[in-house]
Structure formats: C-alpha cells, structure tokens
Amino acid sequence: MTSITRRITSLFRVKANKALDRAEDPREVLDYSYEQQQEMLRRVRRGVADVATSRKRVELQVNQLQQSGEKLQGQAQQALAVGREDLAREALSRRTGVVSQIADLEGQLVSLREQEEKLTLASQRLEAKVDSFRTQKETIKASYTAAEAQTKITEAVTGIGEELGDVGLAMQRAQDKTEQMQARAGALDELMASGALEDATLPAGRDDIQAELERMSAGQDVEAELARMKAALPATDSPAALEGSGHPKERPDQEAGS
C-alpha cells in the first residue's frame, strides 16, 4: 500500500468516525448493550434449564432401573424357592446388567449436577452484573439527558443554537428591512414636498400649470397674512411712529435763508 493510499484510508476513517460520533446517541448504545446482556442471560438460563431437564430425566431412568433391579431380585428368590435355579440365575444375570446401567447413569448424574451448579452460579453472577449495568445505564442516561438539556438551554440563552440563531438572523433582517422602508418613505415624502414626485391620490388632469397656480395662490395668501399682521401691530412700534419721534429734518428753503 502506497503512502497516498494509506493517507486516503486514514482520512476516510477519521471522517467516518466523526460522522458516527455525531450520529451516535449514548443512550441508544447503552440500551442496546443492555439488551445484548439480557439475551446472554436468557441463553445461560436456558442452558441451566436444559441441564436440569437432562438431570431429571437421568434420575427418572435410575429410579426405574432401581425398581427393575429390585423386581428381578424378588423374581430370583421366588424361582429359587420353587426349585427353578435356572430362572433364578437368569433373573440375577439381568439384575447385574441393570446395576451396571444404574452405575453409568449415576456417573452421568454427577456430571450433570456439576454442570448445573456451575451454570446456576454463572447465571447468578451474570444476573447481578446485568442488574448493576442496568442501574449504571439509567444513571448515565439521566446524566446525559440532563447535560443535553442544560446545553440546549445555554445555547438558547447565548444564541449559539441553530434554532435561535436563525431567529436572531430573521429579527436582524426584519429590522434592516424596516429601517430601509422608513428611509424610503422619508425620501418619498421629501420628493413629494419638493414637487419632484406627484401625489397619485390627487384627481386626474393635474399638470405643471395647475401646480404653478397653486404655488402663486399660496404666495398671495402669505403676503395677505403678512399685511394683516403688520396692520395689527401697535402704533408705537410702526416704522412711521419711529420716524415721528425723531427730530424733523430741516427743509431746504430754511437752510438757504439761514
């Protein structure tokens, strides 16, 4: 493998690990691990049950063989009592075979009991570990959920979170648009006041001549109002009164005579 290939492979693994880390929920991983441990515990318990069933079956066979051996023993005694030694010998021979089978089965019973004890102990230990893991799992899940909630709250307060970050951007855009609209409205008002733009709400047919006439009429109204205000001023404050209060100018003929 060349160095470039190794670097590409390493980069791919790093990217894959990061993607998996983002997608992985620790709570789901813990629940899955707990389910796997429970499945293992169920298999161990089934194994204990299977061994116990086999042991019970062997015990039943031993009991049956013991009963059969006792019966053959009785039959041999009865045959010998009636003078049938041959039958007694046959019954005792069969009983010997039964005793041999019982010995073999008892050896199997010892092995099955040992296996059952080992599996039972392993099942108890595994069950204790599974229960301990379940407690730890719930504790870790609760801590992770609390930390996740705290992180979301902090992100919400600081505006780091994507949701509230989008809200903040939307509010900023709305504010910018509002300011632009206000500036546009002010500019349009100024243009209408200066006459650069016409008011579309006015009746149709209004042209430049009409606008000039209206401005002239407005100017005449201003002059008339100014004259009215002058007439209403006190006599002492009028320009004529101010001239009368001063020394009269000498006439030219008086200056000549003097």
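Everything numeric in this text was worked out from a predicted model, so none of it was measured.

Here is what the cut-offs are and how they apply
Every chain is numbered independently, its residues counted from 1 as its sequence is written. Residues qualify for local features only when their pLDDT is at least 70, as the model is predicted, and side-chain atom pairs are given and counted only at 80 or more; totals for whole chains, interfaces and linings, by contrast, use all residues. To get the side-chain values, take all heavy atoms of the structure and skip hydrogens and water. By definition, any uninterrupted DSSP run of H or I lasting at least four residues is a helix, any uninterrupted run of E lasting at least two residues is a strand, and each is numbered from the N terminus. For the accessible areas, the method is Shrake-Rupley and the probe is 1.4 Å, while residue cover comes only from the protein chains on display. Classification of ring pairs uses Phe, Tyr and Trp, with its six-membered ring standing for Trp, and accepts pairs whose centres are within 6.5 Å; under 30 degrees between planes counts as stacked, over 60 as edge-to-face, and the remaining range as tilted. Categorising residues by exposure relies on relative accessible area from a 1.4 Å probe, with only protein chains included: less than 20% of the type maximum marks a residue as buried, more than 50% marks it as exposed, and the intermediate range marks it as partly exposed. Here, a charge over a ring means that NZ of Lys or CZ of Arg falls within 6 Å of the ring centre while also lying within 35 degrees of the ring normal. Think of a salt bridge as a Lys or Arg side-chain nitrogen and an Asp or Glu carboxyl oxygen that are within 4 Å of each other. To qualify as a nonpolar core, a set must consist of buried Ala, Val, Leu, Ile, Met, Phe, Trp, Tyr and Cys residues joined through side-chain atoms within 4.5 Å. The term polar contact refers here to a pair of N or O atoms within 3.5 Å; inside protein, the definition further demands a hydrogen-donor-capable atom paired with an acceptor-capable atom, and it admits residues adjacent in sequence only when both atoms are side-chain atoms. We call two residues in contact whenever any of their non-hydrogen atoms come within 4.5 Å of each other. Think of pLDDT as the predictor's per-residue confidence, scored from 0 to 100.

Right, let's get into the overall build of the protein. Broken down by element type, the protein carries 7 helices and 0 strands. Put simply, the protein runs from its N terminus to its C terminus through helices and strands in the order α-α-α-α-α-α-α. Surface summary for the protein: the accessible area is close to 20800 Å², and the carbon and sulfur share equals 56%.

Right, let's talk about the packing of aromatic side chains for a bit. According to the stated counting rule, one finds 1 aromatic pair in the structure shown. Aromatic pair tyrosine 34 and phenylalanine 133: ring centres 6.5 Å apart, planes at 15°, arrangement stacked. Note that tyrosine 34 is positioned in helix 2 (residues 26-81) and phenylalanine 133 in helix 3 (residues 85-158), a separation of 99 residues in sequence. Residue classification places tyrosine 34 among the buried positions, given a relative accessible area of 13%. One residue, lysine 137, lies across the ring of tyrosine 34, its end atom 5.0 Å from the ring centre.

The subject of this paragraph is the pattern of salt bridges. Considering all chains together, one arrives at 15 salt bridges under this definition. Between lysine 137 and aspartate 31 there is a salt bridge, with its nearest N and O atoms 3.2 Å apart. Of the two residues, lysine 137 is situated in helix 3 and aspartate 31 in helix 2; the sequence distance between them amounts to 106 residues. Assessed through its relative accessible area of 4%, lysine 137 is described here as buried. Between aspartate 86 and arginine 84 there is a salt bridge, with the nearest N and O atoms lying 3.3 Å from each other. On the basis of relative accessible area, arginine 84 is assigned to the partly exposed category, the value being 38%. One connected set of salt bridges, linked through shared partners, spans Asp31, Lys137, Glu138 and Lys141.

A few words on the nonpolar core. The biggest cluster of nonpolar side chains holds 10 residues, and these are Val51, Val58, Val62, Leu65, Leu72, Val98, Ile102, Leu105, Leu109 and Leu112. When residues of this core are traced back to their parent elements, those giving at least two are helix 2 and helix 3. In this structure, Leu41, Leu126, Val130 and Phe133 belong to the second largest nonpolar core, which totals 7 residues.

Following the sequence through the fold, arginine 27 ends up in helix 2. By relative accessible area, arginine 27 is classed as buried at 19%. A distance of 3.1 Å separates a polar atom in the side chain of arginine 27 from a polar atom in the side chain of threonine 145. Among residues more than four places away in sequence, those in contact with arginine 27 are Lys141, Tyr144, Thr145 and Glu148.

Per-residue pLDDT for the protein averages 77, and the proportion of residues at 70 or more is 68%. Across the protein, the secondary-structure element scoring lowest on mean pLDDT is helix 7 (residues 252-257), at 45, and the one scoring highest is helix 2, at 90. In the predicted structure, residues 244-258 sits below a pLDDT of 50 and forms 1 contact with residues beyond four places in sequence or in another chain.

Assignment of secondary structure puts serine 123 in helix 3. In this structure, serine 123 is in contact with Leu41, Val44, Arg45 and Val48, ignoring residues within four places of it in sequence.

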